[in-house]
Structures are given as C-alpha cells and as structure tokens.
Amino acid sequence: MYVVMNELHVPKEGRENVAARFSESAEKMKDVPGCLDFMFLHPADDENFQVVLTKWESEEDYKAWVDSRAFKDAHKKRRENLDKSPTSGNKIYEYVAKHHL
C-alpha cells in the first residue's frame, strides 16, 4: 500500500472554502484505478493544517493518477485562479505502508 498526505496551508478563514472544494473529490476518487481511500481531514486545532490523505494499491497507481487527464482537470481551476485561492501552499508526503490492518 502507498499513502500520500497533502498538507494544505490555509488560513483559518479560508478553510471552509477549501473543504467545500474537496467535497466533490471524494466521490470522483471512487472511480480512480488503484485508489483505496480518500480522506479530507479538517483540523480539530486551529494550529494544524487541513490534510488530504489518499491510500493506493501501489506507487504506480498514484503516479498514473497524477499523470492522468482527470488529475490535470481537477487541478486546472486552482492553477487558473491562484489569486483567488485561500490555499497559500502545500507539502506532499509519500509513504510505503509497511504495516496496516
């Protein structure tokens, strides 16, 4: 299993906007080959970041999604509207799950 965590740097006042944008993603990710799970995590603490956590059958499945038209289309709106986006940045973490249920 391959796990990817996208830590979103969003000021408190923009978090509901970002959460709303990701609400459509959960449904769409059900159809992505190799995607086992998609979670949008909203922090319980104002000091923490919002996180998108995805689980994949393999690193190859994740990379195929990143290279796909669906991924590019999903991120096109953000690229075109960077000046309007509440997200000030992000950091991607990638892991191989050595142990899991």
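From a predicted model like this one, the values you see are computed outputs, not experimental measurements.

Draft legend 1. Quick peek at the overall build of the protein chain. A count of helical and extended segments in the protein chain gives three helices and four strands. Written out in order from the N terminus, the α and β elements of the protein chain read β-α-β-β-α-α-β. Scaling as 2.2 N^0.38, a compact globule of 101 residues should have a C-alpha radius of gyration of about 13 Å, and the protein chain matches this with 14 Å. With 101 residues in all, the protein chain has 31% of them scored as buried.

Draft legend 2. Expanded view of the pattern of salt bridges. Here the structure, examined in full by the defined rule, presents six salt bridges. Here aspartate 37 makes a salt bridge to lysine 55, at a shortest N to O gap of 3.9 Å. One end of the pair, aspartate 37, is in strand E2 (residues 35-41); the other, lysine 55, is in strand E3 (residues 50-56), and 18 residues separate them in sequence. Accessibility expressed as a relative area gives 28% for aspartate 37, which makes it partly exposed. Among the ionic pairs, glutamate 94 bridges to lysine 63, the shortest N-O distance being 3.3 Å. With a gap of 31 residues between them, glutamate 94 in strand E4 (residues 89-96) and lysine 63 in helix H2 (residues 59-66) connect regions that are remote in the sequence.

What counts and what doesn't
Residues numbered from 1 in each chain as written. Predicted model: local features only at pLDDT ≥ 70, side-chain atom pairs only at ≥ 80, totals over all residues. Heavy atoms only, no water. Helix = DSSP H or I, 4+ residues; strand = E, 2+ residues; numbered from the N terminus. Rg over C-alpha atoms; globule rule 2.2 N^0.38 Å. Buried < 20%, exposed > 50% of the residue type's maximum accessible area, 1.4 Å probe, protein only. Salt bridge = Lys/Arg side-chain N within 4 Å of Asp/Glu carboxyl O.

These figures capture arrangement, not role.
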